[in-house]
Amino acid sequence: PGMGCQVRNGGRDMTIDSRDITDLLDPADIADGPLAVRSPIDGAPLGRVPLDDSAAVAARIGRAHEAFLHWRTVPAPRRGELIRLLGEELRANKQALGRLVTLECGKSIQEGYGEVQEMIDICDFAVGLSRQLYGLTIASERPGHRMMETWHPLGVVGVISAFNFPVAVWSWNAALALVCGNPVVWKPSEKTPLTALACRTLFRRAVERFGADAPEGLLEVVIGDRAAGEALVDDPRVPLVSATGSTRMGREVAPRVAARFGRSILELGGNNAMIVTPAADLDLAVRAILFAAVGTAGQRCTTLRRLIVHVDVYDRLLPRLKAAYAQVTIGNPLEEGNLLGPLIDRGAYEAMQRALDAARVQGGTVTGGERVLAERWPDAYYVRPAIAEMRGQTACVREETFAPILYTLTYRDLDEAVALQNAVPQGLSSCIFTNDLREAERFLSAAGSDCGIANVNIGPSGAEIGGAFGGEKETGGGRESGSDSWKAYMRRQTATVNYSGSLPLAQGIRFDV
Ligand code: UN1
């Protein structure tokens, strides 16, 4: 028996409002090229885009490096001014860019706008930061000496981003990189090049308003395949590569960057859990689960994938959750009322079905997961969100499948729940629903969640930009966005100044002739 869900077949065919494209894209950007871009909403073509080969990538890195030589000398607060202008462009174009995000990656229009808001937020953060790239003054052990620590621009930052947050992830990296004095070479997902080109348009407008001290080459967008990505990852003129995507991708990128002693910031897979204890507010939990497991069609790195529920509340929670799932509206994500749009493509749909088959074989009971709207849009992949009730944390539960599948498990005591939550290779986000202070604090303690993000009475997704974003273990260990993540985008210099007339050596060493 399927789980209700309201499948919205009505409404107009998707069709692109031509302004969505022309407002934000230069016609030359979407001239005939080999890469055909399609909307996951109905499979319709959105345009064709030229591709960069490795030589073109090298040329872009060269331009960015030239830009670096000038940009590093522009005072940081002045660099912040460029990001302030970018934030203004984003504010003025929030609707248009949000719609384009939805067109190209299929998330609900509310989430499309939300993604642009996240960009605006990080721009605001970065503007303030541009006056707070603080170093330290350190007490020297020698008389007449001063030690200090200064943060300097690093060089060209390579950004590799995924289809699911096609613009926000770029902005977290770019806003920080640029105020830190670094140009950006950005390789977006091949599934979402148009939103990247639209961001470049907005960035260019900001640069024009900024004036002469913004060199060309502060932002280069690379649209290309694997070879283009490798050219970016391997280039020694790129001291930092910030890559968001699958753990598989990270396993290839990290050793290549390390082999040339470059640095990387990795944001890889997540397999995020929620623990629901007997002291939880179940109304709150149901709402949080719905957004975190179904939102963005389960295609966030922070999506809720595992629900670990105390045996005493499981039989109360699950029926309520299923009733809430039945209310989910599935359909064209451009229409405001629809909460669940399509998966990104056929490959994503097939991976979901394989995971659900595995769940059944591994003893699970699956509700939902069927394809819908296939007759109306044979080239688009809409699904009912699935709940897989498992008897244990089997192999399929420990893997990240980028689709709306929620695996449920039960537990008896909190240590067991925390152990289950930590017993996966990924370590991005986690949460507990409880009104019991002791349970919450145990979950947040050193012996609690092993993830980069741990929330109380909030789902695992939808983080604010003010905190550092990222996770442990196979998630890759990188941190982006708020807090002191900016330090990864700069090089630290320790300087000792001697203003005395003598030359005392550290550690009291004597070396006189
Ligand atoms: C991602 O899915 O790659 O916390 C990023 C969140 C968003 C970012 C998700 N702010 O869900």
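Residues numbered from 1 in each chain as written. Predicted model: local features only at pLDDT ≥ 70, side-chain atom pairs only at ≥ 80, totals over all residues.

A. Expanded view of the overall build of the chain. For the chain, the count of helices and strands is 15 helices and 25 strands. Principal-axis analysis of the C-alpha atoms places the extent of the chain at approximately 90 × 60 × 35 Å. Burial status across the chain gives 53% buried among its 513 residues. For the chain, the share of sequence-separated contacts (at least 6 apart) that also reach a separation of at least 24 residues comes to 74%. (Helix = DSSP H or I, 4+ residues; strand = E, 2+ residues; numbered from the N terminus. Buried ≥ 20, exposed ≤ 12 C-beta atoms within 10 Å, placed from the backbone. Contact = placed C-beta atoms within 7 Å.)

B. Structural view of the pairing of strand 12 (residues 304-310). Counting buried residues in strand 12 gives seven out of seven residues, a clear majority hidden from the surface. The pairing of strand 11 (residues 272-276) with strand 12 spans five bridges and is parallel. Looking across to strand 12, one finds that Ile 275 is bridged to Ile 308. Assessed by its sense of winding, the connection that carries the chain from strand 11 through helix 10 (residues 282-294) to strand 12 is right-handed. (Pairing = 2+ DSSP bridges. Right-handed = clockwise from strand over helix to strand, strands pointing away.)

C. Structural detail: the site of the ligand. Every residue lining the ligand is accounted for by Glu 118, Asn 164, Phe 165, Val 169, Thr 244, Arg 300, Cys 301, Thr 302, Ser 461, Gly 462 and Ala 463. In the shell around the ligand, the residues fall into four nonpolar, five polar and two charged. (Near = placed C-beta within 6 Å. Nonpolar A, V, L, I, M, F, W, Y, C, P; charged D, E, K, R; others polar.)

D. How the structure looks around the nonpolar core. Counting 149 residues, the largest nonpolar core has Cys 123, Ala 126, Ala 175, Met 274, Ile 289 and Tyr 489 as the members making the most contacts within it. Discounting chain neighbours no more than four positions away, the residues touching Ala 175 are Ile 83, Ile 122, Cys 123 and Ala 126. The next biggest cluster of nonpolar side chains, apart from the first, holds six residues, and it includes Leu 428, Ile 453, Ala 463 and Phe 469. (Core = buried A, V, L, I, M, F, W, Y, C linked by C-beta atoms within 7 Å.)

E. Just the UniProt feature "active site" (unreviewed entry) in the chain, in detail. Per the UniProt record, "active site" (unreviewed entry) is annotated on Glu 267. Taking the C-beta count within 10 Å as the criterion, Glu 267 has 30 such neighbours and is therefore assigned buried. If near-sequence neighbours (up to four positions away) are discounted, Glu 267 is found in contact with Thr 244, Cys 301, Gly 470, Gly 476, Gly 478 and Glu 480. (UniProt positions renumbered as here; feature names shortened; annotations may be inferred.)

F. Here's a closer look at the sheet that holds strand 21 (residues 453-456). Taken in spatial order, the seven strands line up as 14-17-18-12-11-20-21 in an open sheet, and their pairing is mixed. Edge positions in the sheet fall to strand 14 (365-367) and strand 21, since each has one partner strand and no second. Along the sheet, successive strands turn relative to each other by an average axial angle of 20°, direction set aside. The strands that helix 14 (residues 414-422) touches are strand 11, strand 12, strand 18 (405-411) and strand 20 (429-433); relative to strand 18, the one it contacts most, it runs at about 150°. (Axes fitted to C-alpha atoms, helices over the stretch in contact; angles between N-to-C directions.)

G. Broad picture of the packing of helix 4 (residues 94-105) against helix 5 (residues 109-129). Viewed as axis vectors pointing N to C, helix 4 and helix 5 meet at an angle of 125°, and their least axial separation amounts to 8 Å. Overall, the two elements helix 4 and helix 5 adopt an arrangement that is oblique. Taken as a pair, helix 4 and helix 5 cross one another with a handedness that is right-handed. Each of Lys 94, Leu 97, Gly 98, Arg 99, Val 101 and Thr 102 in helix 4 lies in contact with helix 5, whose residues at this interface are Ile 109, Gly 112, Tyr 113, Glu 115, Val 116 and Gln 117. Residues that form the contact of helix 4 with helix 5 fall into these classes: five nonpolar, four polar and three charged. (Parallel < 35°, antiparallel > 145°, perpendicular 65-115°, else oblique. Left-handed = near helix turned anticlockwise from the far one by under 90°.)

H. Representation of the UniProt feature "domain: Aldehyde dehydrogenase" (unreviewed entry) in the chain within the structure. Taking the numbering used here, the UniProt-annotated feature "domain: Aldehyde dehydrogenase" (unreviewed entry) corresponds to residues 35-494. A distance of 47 Å separates the end C-alpha atoms of residues 35-494, which is 40% helix and 21% strand.

I. Expanded view of unusual backbone geometry. In this model, Thr 296 sits at a positive phi of 55°, which is unusual for a non-glycine residue. Checked against the element boundaries, Thr 296 lands in the loop between helix 10 and strand 12. For Ser 481, which is not glycine, the phi torsion reads 75° and is therefore positive. Position of Ser 481 relative to the elements: it lies in strand 24 (residues 480-481). In this structure Ser 481 comes out as buried when scored by C-beta crowding, with 27 C-beta atoms within 10 Å.

J. A look at the pairing of strand 9 (residues 240-244). Within strand 9, five of the five residues are buried, leaving the element largely enclosed by the surrounding structure. With burial as the criterion, each face of strand 9 is covered, one bearing Leu 240, Ser 242 and Thr 244 and the other bearing Val 241 and Ala 243. Pairing of strand 6 (residues 157-160) with strand 9 involves four bridges; the strand directions are parallel. Pairing of Ile 160 across the sheet is with Ala 243, part of strand 9. Bridge count for strand 9 against strand 10 (residues 263-267) is five bridges, and the pairing is parallel.

K. Just the sheet that holds strand 4 (residues 136-138), in detail. Strand order in the open sheet formed by three strands is 4-5-25, with antiparallel pairing between adjacent strands. A single partner strand is all that each edge strand has here, and the edge strands are strand 4 and strand 25 (490-498). Going from strand to strand, the sheet's axes swing by 25° on average, the running direction of each strand aside.

L. Representation of helix 3 (residues 76-92). The first and last C-alpha atoms of helix 3 sit 25 Å apart over 17 residues, in line with the 24 Å expected at 1.5 Å per residue. Residues of helix 3 that are buried: Arg 79, Gly 80, Glu 81, Leu 82, Ile 83, Leu 85, Leu 86, Gly 87, Glu 89 and Leu 90. As for helix 3, its buried residues are in contact with helix 4, helix 5, helix 6 (168-179) and helix 7 (193-210). (Expected span 1.5 Å × (residues − 1).)

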